[in-house]
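A look at the structure
If you want the building blocks of each chain, they are given just below.
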Amino acid sequence: APPTPSGAGESGRGDASHLTPRGGAGVWAMLRREPGPEPGPGGAEAAAEDVEPAEPESPDQCLSLLPWDRFSAWLHCVCVVGFDLELGQAVEVIYPPHSKLTDKEKTNICYLSFPDSNSGCLGDTQFCFRFRRSPGRKVSLCCFLDQLDRDLPVYLKKDSAYYYGYVYFRQVRDKSLKRGYFQKSLVLISKLPYVHLFRTMLKQIAPEYFEKSEAFLGAVCSDIDRWPPPVPGKVLQLPIMGVIMKLRIPTYRDKPGTTPIVQNMHQADAQISMALPTVHEVDLFRCFCPVFFHIQMLWELVLLGEPLVVMAPSPAESSETVLALLSCISPLKYCSDFRPYFTIHDSEFKEYTTRTQAPPSVILGVTNPFFAKTLQHWPHIIRIGDIKLPGEVPKQVKVKKLKNLKTLDSKPGVYTSYKPYLNKDEEIVKQLQKGVQQKRPTEAQSVILRRYFLELTESFIIPLERYVASLMPLQKCISPWKSPPQLKQFSQDDFMKTLEKAGPQLTSGLKGDWIGLYRHFLKSPNFDGWFRSRQKEMTQKLEALHLEALCNENLVFWSQKHTEVETVDLVLKLKNKLLQADREHLPVKTDTLKKLQTHINDIILALPDDLQDILLKTGTT
């Protein structure tokens with residue numbers, strides 16, 4: 001339950017005792033000390049949805065303070081990883097040169113930027129990885145970027161504990177080198193999960209970089225440092241080495257499953273333009289082709305946060321499949337750890353492969369045959385071959401028993417003893433098979449598959465949304481003279497009772513053990529993350545309604561009937577309320593905040609001159 005403001009009175013008397021700090025020894029003593037902040041109900045992050053955004057300062061104002069600020073809004077740094085005969089993989093270049101990476105982060109980047117030797121990736125390969133940031137690092141992004149994060153859908157919000165690495169790896173024969181091969185990776189390190197954007201960007205710049213080397217890299221970074229900030233909902237034009245990428249980052253206000261089309265533009269000058277249909281989505285149908293008949297079971301496994309391993313022939317396949325799995329429960333956020341490409345050198349290798357405890361809730365993408373033995377005890381393993389689109393209708397493949405998985409050479413399929421809660425949906429399989437027969441484009445197949453997953457996830461989550469909304473106290477319970485009421489407790493039994501009349505059967509024709517699926521989900525990290533987000537959002541809404549109730553009171557009249565000490569207490573507490581609204585981005589209308597500020601000013605002006613001077617100068621913390 002959210003903490004109540006300090007000194008909250010429950011009597012409902014017409015006084016402001018709950019708004020005042022305790023123990024004040026008169027007006028002057030109180031004014032000399034710094035008033036402390038009121039305990040906040042939900043931390044500094046914004047709620048996931050339905051929050052009115054504050055009016056942000058202009059992006060140009062905020063991001064033109066220092067060189068590289070604009071660059072830092074998109075990327076942490078660019079690395080070049082090469083192969084040294086004596087050292088092995090090594091970071092050769094970090095750009096911009098002032099970028100900070102710890103030794104542990106550099107080691108992780110080195111090993112994750114090259115495919116395993118068994119992958120045999122000749123030519124050019126693109127993939128991505130994710131790794132933990134070293135603790136204790138300062139975040140140097142300006143406040144404006146936090147505002148941008150608030151406007152994103154929950155599944156695209158930054159996780160400040162992790163970095164993504166987007167890789168363009170080249171391996172070609174070169175007799176002039178001792179090793180006989182040229183091996184190098186260009187890697188973009190970013191906190192943003194915009195896989196399609198960075199993949200497209202690397203396709204543009206990496207081939208040219210391998211020809212022109214470091215001066216070219218400097219020019220690329222200078223281009224990025226001129227980009228506008230990553231504002232959700234706006235059509236952005238990002239110039240990169242003579243090409244303009246045009247794209248739109250989604251917002252939480254977008255209707256799930258819709259992607260506004262970004263039109264290509266006609267350039268009057270010589271620059272080529274390119275419209276990106278998405279910043280973050282992968283080719284869903286292509287990724288799920290090898291496990292075509294098990295998509296519904298995989299949806300359940302991801303929804304429940306079950307430990308999953310994707311064993312693939314190369315990092316390109318492993319990373320795309322892991323990202324496809326995450327996206328199948330959208331718009332829900334996958335709240336556990338995931339690694340699109342994971343190696344035996346990873347700093348979390350021991351933690352994730354130990355047999356002394358149950359496998360953690362995590363999705364790993366691996367390519368090294370060693371993992372077939374190391375992860376044999378994991379309950380769910382997806383084995384995929386080379387991803388290629390089927391020219392003919394895929395054949396029905398049974399779920400395989402785990403004991404049959406001995407090596408990475410095992411046949412593609414899903415190895416698990418898991419029994420799905422829901423009956424199989426034959427319609428989606430038929431629809432996609434028909435698409436294969438009719439040679440329907442893979443983009444169209446992906447749209448069908450994405451819509452199917454979205455409808456399944458929404459049917460599952462709507463009953464939970466409806467029940468959680470009922471935990472909100474009624475507006476008539478909110479009094480300006482009491483602390484905001486608390487949310488009712490979540491009761492699993494009460495929720496289960498609602499399913500008989502208002503369950504998923506209202507929106508889905510799928511039969512099966514929905515109750516069992518909900519019981520399992522309520523114990524999962526995904527439920528925990530989703531419920532915390534909803535809880536914080538509703539608590540902030542209560543705080544906002546409490547502010548509105550205060551605004552609708554005649555506070556000047558109240559102050560005239562109370563002592564100066566009580567009135568000054570009220571002013572300081574109201575100032576802190578305003579500060580809390582700003583700090584926690586409460587969903588309050590700008591007019592409400594202005595009205596409260598007017599109340600504060602009117603109360604101050606009714607006080608003696610000496611108090612007015614001090615109160616007008618007194619800040620809040």
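The structure reproduced in this document is the subject of the present report. (Residues numbered from 1 in each chain as written. Predicted model: local features only at pLDDT ≥ 70, side-chain atom pairs only at ≥ 80, totals over all residues. Heavy atoms only, no water.)

**Observations concerning the sheet that holds strand β12 (residues 380–383)**
The sheet built from five strands is open, its strands ordered β10-β11-β9-β12-β13 with mixed pairing. In the strand order of this sheet, the two ends are held by β10 (337–339) and β13 (413–416), each with one partner. Adjacent strand axes in the sheet meet at a mean angle of 15° when their direction is disregarded. In this structure, strand β9 (residues 308–311) lies alongside strand β11 (residues 362–366), joined through four bridges in parallel fashion. Opposite Met-311, over in β11, you have Val-366 as the bridge partner. Contacting β9, β11, β12 and β13, helix α9 (residues 295–303) crosses the sheet at an angle of about 50° to β13. Each of β9, β10, β11 and β12 touches helix α10 (residues 315–327); the most contacted strand, β11, lies at about 160° to it. (Pairing = 2+ DSSP bridges. Helix = DSSP H or I, 4+ residues; strand = E, 2+ residues; numbered from the N terminus. Axes fitted to C-alpha atoms, helices over the stretch in contact; angles between N-to-C directions. Contact = heavy atoms within 4.5 Å.)

**Some words on the sheet that holds strand β6 (residues 235–240)**
Reading across the sheet, the three strands line up as β6-β7-β8 and stay open at both edges, with mixed pairing between neighbours. Looking at which strands have only one partner, the edges of the open sheet turn out to be β6 and β8 (272–275). On average, each strand axis in the sheet is inclined to that of its neighbour by 25°, with strand direction left out of account. Of the strand pairs in this sheet, β6 and strand β7 (residues 243–248) are connected by six bridges, and their pairing is antiparallel. Counterpart to Leu-238 in the pairing with β7 is Met-245.

**Observations concerning the nonpolar core**
Residues Trp-74 and Phe-288 are the most contacted members of the largest nonpolar core, which totals 113 residues. The greatest single-element share of this core, amounting to ten residues, is contributed by helix α14 (residues 442–469). Core analysis: the second largest hydrophobic core is formed by 24 residues, Trp-481, Leu-547, Leu-550 and Leu-607 among them. (Core = buried A, V, L, I, M, F, W, Y, C linked by side-chain atoms within 4.5 Å. Buried < 20%, exposed > 50% of the residue type's maximum accessible area, 1.4 Å probe, protein only.)

**Observations concerning the packing of α14 against helix α15 (residues 492–502)**
Orientation of α14 relative to α15, taken along the N-to-C sense of each, is 120°, at an axis distance of 10 Å. When the axis of α14 is compared with that of α15, the two are oblique. As α14 packs across α15, the resulting crossing turns out to be right-handed. Between α14 and α15, the contacting residues are Pro-463, Leu-464, Arg-466 and Tyr-467 on the first element and Asp-494, Phe-495, Thr-498, Leu-499 and Ala-502 on the second. A per-class count over the contact of α14 with α15 returns six nonpolar, one polar and two charged. (Parallel < 35°, antiparallel > 145°, perpendicular 65-115°, else oblique. Left-handed = near helix turned anticlockwise from the far one by under 90°. Nonpolar A, V, L, I, M, F, W, Y, C, P; charged D, E, K, R; others polar.)

**Details of the packing of helix α13 (residues 426–437) against α14**
Where α13 contacts α14, the axes come no closer than 10 Å and their chain directions differ by 175°. The angle between α13 and α14 falls in the class roughly antiparallel. Between α13 and α14, the contacting residues are Ile-428, Gln-431, Leu-432, Gly-435 and Val-436 on the first element and Gln-445, Ile-448, Leu-449 and Tyr-452 on the second. Among the residues forming the contact of α13 with α14, the class breakdown is six nonpolar, three polar and no charged.

**Observations concerning the packing of aromatic side chains**
For the coordinates displayed, the defined rule picks out 37 aromatic pairs. Taking 5.7 Å as the distance between ring centres and 45° as the angle between the ring planes, the aromatic pair formed by Phe-131 and Tyr-163 counts as tilted. Here the residue Phe-131 occupies a position in strand β3 (residues 123–132), and Tyr-163 occupies one in strand β4 (residues 162–173), the gap between them amounting to 32 residues. A single burial state applies to Phe-131 and to Tyr-163, both of which are buried. Consider the rings of Phe-527 and Trp-530, whose centres lie 6.1 Å apart with planes at 40°: the pair is tilted. (Phe/Tyr/Trp six-rings, centres within 6.5 Å; stacked < 30°, edge-to-face > 60°.)

**So, the side chain of Glu-317**
Assignment of secondary structure puts Glu-317 in helix α10. Despite its burial, Glu-317 remains without a salt bridge, the nearest opposite charge being carried by Arg-286 at 5.7 Å. Among the polar contacts made by the side chain of Glu-317, one reaches the side chain of Ser-314 at a distance of 2.4 Å. (Lys, Arg positive; Asp, Glu negative; His and termini not counted. Salt bridge = Lys/Arg side-chain N within 4 Å of Asp/Glu carboxyl O. Polar contact = N/O pair within 3.5 Å; in protein donor to acceptor, adjacent residues only side chain to side chain.)

**Digging into a negative patch on the surface**
A contiguous patch of negative charge on the surface is contributed by Glu-564, Asp-609, Asp-610 and Asp-613. Residue contributions to the negative patch peak at three residues, all from helix α21 (residues 609–617). If you trace the backbone, Asp-610 turns up in helix α21. With relative accessibility at 42%, the residue Asp-610 sits in the partly exposed group. (Patch = residues over 30% accessible without salt bridge, like charges linked within 9 Å, V, L, I, M, F, W, Y side chains within 5 Å. Areas by Shrake-Rupley, 256 points an atom, 1.4 Å probe, with all protein chains shown as cover. Charge placed at Lys NZ, Arg CZ, Asp CG, Glu CD.)

**Quick look at unusual backbone geometry**
Along the chain, Tyr-95 connects to Pro-96 via a cis peptide bond; the corresponding omega equals -5°. Along the chain, Pro-96 falls in the loop between β2 (88–95) and α4 (103–112). Residue Pro-331 is bonded to the preceding Ser-330 through a cis peptide linkage, with omega at 10°. For Lys-439, which is not a glycine, the phi torsion comes out positive at approximately 55°. For Lys-439, the position within the fold is in the loop between α13 and α14. The class for Lys-439 is exposed, based on a relative accessible area of 66%. Phi is positive for His-585, which is not a glycine, with a value near 50°. Of note, His-585 is situated in the loop between α19 (564–583) and α20 (590–605). We classify His-585 as buried; its relative accessible area is 18%.

Everything listed is a geometric property; what it means functionally is a separate question.
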